[in-house]
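Spelled out, the chains give:
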Amino acid sequence: MSLAIAFIFCIILARLLYVQIAWGSDLKLKATDQWNREIPVIASRGIISDSNGTIIAGNRTTYSVFLRPNAVREKEYTATVLSGIFSLDAKTILKKIDGNKVSEITIARQVGSDSIEKLVTYNLPGVYYSRDNTRQYTYGDALCQVLGFTSNDGLGLSGIEKYYNNILSGVNGEITYTTDIVGNETENSVVVYNEAEDGNEIRLTIDMDIQLAAEDAMKSVYASTNAKSVSCIVLNPQNFGIYAMVNYPSYDLNDVPRDDPETLNAYSRNVVVSDIYEPGSTFKVVTAAANIEEYLNGNSKAFSPSYVFNGSRTRTVDGTKIKCWSDHSNGKHSNQTLSSALNNSCNPCFTDMALSLGSRIFYKYLSAFGFGSVTGLDFNGEALGMLVPQTAVRDCDLARIGFGQTIAVTGIQLACAIGAAVNGGNYYIPHLLKSVVSPEGKILSEYKPLLKNKVISEKASAMLAEMLEGVVTEGSGKQAYIEGYRVGGKTGTAQKYEDGHVAQGKYVSSFCGFFPANKPEYLALIIVNEPQGTYYGSAVAAPVAKEIFQDIIKIKNIQRYD
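A.B. asks: Give me unusual backbone geometry: which residues, what numbers.
C.D. replies: Omega for the bond connecting Y248 with P249 falls within 30 degrees of zero, at 10°, which places this linkage in the cis form. Along the chain, P249 turns up in the loop between β10 (242-248) and α10 (261-268). The omega angle of the peptide bond from F515 to P516 is -15°, so this bond is cis rather than trans. The residue P516 is located in the loop between β20 (501-515) and β21 (522-529) in this model. Not every positive phi belongs to a glycine, and N226 is a case in point at roughly 55°. A relative accessible area of 57% places N226 in the exposed class. Although it is not a glycine, N557 sits at a positive phi angle of roughly 50°.

What follows is the structure, encoded as structure tokens:
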């Protein structure tokens, strides 16, 4: 008998020790949760500003309203009052209260102070509110695909809001107080306040004055050409910081079409980063760069700047007929130097360059200029582009790549490639981040430009930039010319393909320009997708770049060189 009692006692003691030691922490947490209530203190999301500190995305103070079913005294009355203030269905609220399956119900989020002032007058037991934040975008639809948007809970869902969410989001705090078993605050309740840590500011390389000028110019060409879409990148060729990035049509970030996924997906895509297209003649800048560099390196297969091309012919390569955009009837395309070939945008000359260099050498430059890979821009969803593998490329493919066909690129890839070709040969990783700033205004970190590649020599780059200046002063880019300023650039007009065939009447018109031509500080890539009527890049896109450059000259008070 004594042994049995001792055995039972040991079992009870062991159980007690197990509960105290093994379950102790969990039981304490459950007890704390049962006898304490928390009201969240939402951290203020970090602002997003431009390079000058102008706020682009900020917050306005709003509130969230919560209800604890166990603490509600007059259920029907409470449901009626809440439905009236927040325009909700009273029966639905009452059903949630009666359900009594959860300790807390969210009644409303992101409501204004007027509604909270009304709520306070009723002093409803079991109903609480706390501050939250509603994202507010200063410029509505401007820069919308770059900035992106947040969820109703303040989580970054796209764009910069998503990419830098961890920096912007901060850490929420809470107000804790003791309650009785049903959730009513006790008479001598102890209130503990854990302060929220607000998110840090993201300062971008974007210059909103330049951005807005680019937005206006792109909206204007969109309307005048009845294009399907238009896009633009303005960057600093000296470090590849992005000054402006435009995609139109767009949408208002303060009124995100969340209930229309198709529209939201179409308008929220950062097309110049996520979509690819055949660049056409703007790509000839890359082919010319490779040829000049190889010539300076003593490669006998490269053409000298003084070499005279016989451009008055159509070539057949691998059984494929390759011809120029022009029928050559005006005689301009006969007996051209490299400068003339760029001015006239003559396809056969660039076919000759690509074929003469060969796939091994030409692909070395394509790789160095970043084609077939992402640029590394600090943005989600960047596309790789499309490049025929070197092992599979045929001569007819190589010939077409030479003048911008049989290759697909993103806008950011092409802008960076041309930037590197004319800035002295330096390929940097493009970036949108300038610095991270604390809520108190202290700079926590600054972005330092990262040199990714040396694509060509300074001498080759200077020669090419001078030739591209000639394209604007006397060639196809004349409509980008600005008297008193040295502007260089290259036009492009590419046919679109659908289901492997040329889509009749559908073109991508483009122009990539830069200034000052001898030491570029601003580069703009203009892309007009499916303009109606006139479709040549020289007539459609070049004037837009001129307009943007003229605005930059005014904004930055840039003096004439003469």
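From this point, the narrative continues.
A.B. asks: Break down the environment of E104 for me, with residues and values.
C.D. replies: Mapped onto the elements, E104 comes out in the loop between α4 (90-99) and β4 (105-111). For E104 and R68, which are 36 residues apart along the polypeptide, the C-alpha to C-alpha distance reads 4.6 Å.

A.B. asks: How would you explain the state of the cysteines if you had to name every residue and give the values?
C.D. replies: Within the structure shown, the criterion is met by 0 disulfides. Cysteine C349 remains unbridged, with the sulfur of C346 as its closest cysteine sulfur at 3.9 Å.

A.B. asks: Which residues make up the packing of aromatic side chains, and what values do they have?
C.D. replies: Under the criterion given, the structure shown has 14 aromatic pairs. Summarising the aromatic geometry, the rings of F240 and Y427 are spaced 5.6 Å apart at their centres and angled 70° between planes, so their arrangement reads as edge-to-face. Of this pair, F240 sits in the loop between β9 (229-235) and β10 while Y427 sits in strand β15 (residues 426-428), placing them 187 residues apart in sequence. Comparing F240 with Y427, the two get one shared label, buried. Counting every residue linked through ring pairs, the aromatic cluster contains Y243, F515, Y522 and F549. Just above the ring of Y128 sits the side chain of R68; from NZ or CZ to the centre is 5.2 Å.

A.B. asks: Any chance you could break down the side chain of T351 for me, citing the residues and the numbers?
C.D. replies: The residue T351 is located in helix α14 (residues 347-368) in this model. For T351, a relative accessible area of 1% translates into the label buried. In this structure the side chain of T351 is engaged in a polar contact, spanning 3.4 Å, whose partner is the backbone oxygen of A399.

A.B. asks: Go over the pattern of salt bridges, please, and point to the residues and values.
C.D. replies: For the structure on display, the rule yields 12 salt bridges. K556 is paired through a salt bridge with D207; the nearest N and O atoms lie 2.6 Å apart. Here K556, found in the segment after α19 (542-555), pairs with D207, found in the loop between β8 (201-204) and α9 (208-225); they are 349 residues apart in sequence, far enough to count as distant. With a closest N to O distance of 3.0 Å, E469 and R486 form a salt bridge. Within this pair, whereas E469 is found in helix α17 (residues 458-474), its partner R486 is found in the loop between α17 and β19 (488-498), the two being separated by 17 residues in sequence.

A.B. asks: Can you tell me about the confidence of the model for the protein chain, naming the residues and giving the values?
C.D. replies: Per-residue confidence for the protein chain gives a mean pLDDT of 89; residues scoring 70 or more make up 87%. Per-residue pLDDT stays below 50 along residues 27-33; that stretch engages in 1 contact with residues further than four places along the chain or on separate chains.

A.B. asks: Mind laying out the sheet that holds β20, listing which residues take part and the relevant values?
C.D. replies: Taken in spatial order, the 5 strands make up an open sheet running β10-β9-β21-β20-β19, and their pairing is antiparallel. Single-partner strands in this sheet number two, and they are β10 and β19. Going from strand to strand, the sheet's axes swing by 10° on average, the running direction of each strand aside. Relative to β20, β19 is paired through 10 bridges, and the arrangement is antiparallel. Pairing of T491 across the sheet is with F511, part of β20.

A.B. asks: Residues and numbers for the pairing of strand β17 (residues 443-446), please.
C.D. replies: Pairing analysis gives 3 bridges linking strand β16 (residues 433-437) to β17, with the strands arranged antiparallel. Looking at the pairing, S435 lines up with E446 of β17. Taken together, β16 and the strand that follows it, β17, pair antiparallel across an intervening segment of 5 residues, in which G441 is found at a positive phi of about 95°.

A.B. asks: Help me get a handle on the nonpolar core, residues and values and all.
C.D. replies: Ranked by internal contacts, the top residues of the largest apolar core, which has 97 residues, are F369 and F371. Here the element with the most residues in this core is α14; it accounts for 11 residues. Ignoring any residue separated from it by four or fewer positions in sequence, one finds F369 in contact with V286, A289, A417, A420, A421, Y427, V455 and I456. Counting 32 residues, the second-largest nonpolar core is a separate cluster that includes Y243, V472, V487 and V544.

A.B. asks: Quick rundown of a negative patch on the surface? Include the residues and the values.
C.D. replies: A cluster of acidic side chains, namely E195, E197, D198 and E440, defines a negative patch on the protein surface. For E197, the position within the fold is in the loop between β7 (192-194) and β8. You can call E197 exposed: its relative accessible area is 53%.

So, how was this worked out
- Residues numbered from 1 in each chain as written.
- Predicted model: local features only at pLDDT ≥ 70, side-chain atom pairs only at ≥ 80, totals over all residues.
- Heavy atoms only, no water.
- Helix = DSSP H or I, 4+ residues; strand = E, 2+ residues; numbered from the N terminus.
- Buried < 20%, exposed > 50% of the residue type's maximum accessible area, 1.4 Å probe, protein only.
- Disulfide = S-S within 2.5 Å.
- Phe/Tyr/Trp six-rings, centres within 6.5 Å; stacked < 30°, edge-to-face > 60°.
- Lys NZ or Arg CZ within 6 Å of the ring centre and 35° of its normal.
- Polar contact = N/O pair within 3.5 Å; in protein donor to acceptor, adjacent residues only side chain to side chain.
- Salt bridge = Lys/Arg side-chain N within 4 Å of Asp/Glu carboxyl O.
- pLDDT = per-residue confidence, 0-100.
- Contact = heavy atoms within 4.5 Å.
- Pairing = 2+ DSSP bridges.
- Axes fitted to C-alpha atoms, helices over the stretch in contact; angles between N-to-C directions.
- Core = buried A, V, L, I, M, F, W, Y, C linked by side-chain atoms within 4.5 Å.
- Patch = residues over 30% accessible without salt bridge, like charges linked within 9 Å, V, L, I, M, F, W, Y side chains within 5 Å.
- Areas by Shrake-Rupley, 256 points an atom, 1.4 Å probe, with all protein chains shown as cover.
- Lys, Arg positive; Asp, Glu negative; His and termini not counted.
- Charge placed at Lys NZ, Arg CZ, Asp CG, Glu CD.

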